[in-house]
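Residues per chain, in single letters:
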Amino acid sequence: MLRLAVCALAGLLIAAPAAAAPLSVYLDQGSQVRLAGAARNVVVANPRVADVSLLGARDLVVIGKGYGVTNVVVTDAQGRTLFDRDIVVSARNEGQVSYFRGGETRTFSCAPLCQSIGGDTPQTPVP
């Protein structure tokens, strides 16, 4: 009897869908996702963090709008879940420099000239 219970539990664990890894998207960038079926409903838990645009019935683009984590769920006409993942929006660190002085933080994008970004007070470009 114990062997039967262990086999049944193992079967349930194998059949259960594994949690999908979060989808990482850079701020102001998009990542294309191909769905297994035609999308009917799209829900973005926090639209200040990410947005979704449909390119067709089976293709969507997740766009990073603000730093943070949110969730996107896409279902088909029968209510089946086609996509359910956490979305992590972060900044690219390539070509950027940040400095901290007291309570002030300034971030500069240096491609090709350094310019203040990220809500800082606009600065004169540094050669």
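Structure first, text after, so check above.
Counting restarts for each chain, with residues numbered from 1 along the sequence as it is written. For this predicted model, a pLDDT threshold of at least 70 governs which residues receive local features, and a threshold of 80 or more governs which side-chain atom pairs are given and counted, while totals over whole chains, interfaces and linings are taken from all residues. To get the side-chain values, all heavy atoms of the structure are used, and hydrogens and water are removed first.

## Here's the deal with the side chain of Thr 75
No. 1: For the purposes of this entry, the term helix denotes a DSSP run of H or I that reaches at least four residues, the term strand denotes a run of E that reaches at least two, and both are numbered from the N terminus. Tracing the backbone through its elements, the reader meets Thr 75 in strand β6 (residues 68–75).
No. 2: Here a residue-residue contact requires only that any non-hydrogen atoms of the pair lie within 4.5 Å. In this structure, Thr 75 is in contact with Ala 38, Ala 39, Arg 40, Asn 41, Arg 80, Thr 81 and Leu 82, ignoring residues within four places of it in sequence.

## Focus on the nonpolar core
No. 1: Residues grouped as a nonpolar core are buried Ala, Val, Leu, Ile, Met, Phe, Trp, Tyr and Cys residues, joined through side-chain atoms within 4.5 Å. Partly exposed residues are those whose accessible area sits between 20% and 50% of the maximum for their type, while under 20% is buried and over 50% is exposed, using a 1.4 Å probe and protein chains only. In this structure, Val 62, Phe 83 and Ile 87 are the most contacted members of the largest nonpolar core, which totals 16 residues.
No. 2: Breaking this core down by element, the ones donating at least two residues are β1 (23–26), β4 (50–54), β5 (59–64), β6 and β7 (81–90).
No. 3: Here this core takes three residues from β7, the largest share from any one element.
No. 4: The residues touching Val 62, leaving out its near neighbours within four places in the chain, are Leu 23, Val 25, Gln 29, Gly 30, Ser 31, Val 33, Ala 50, Asp 51, Val 52 and Ile 87.

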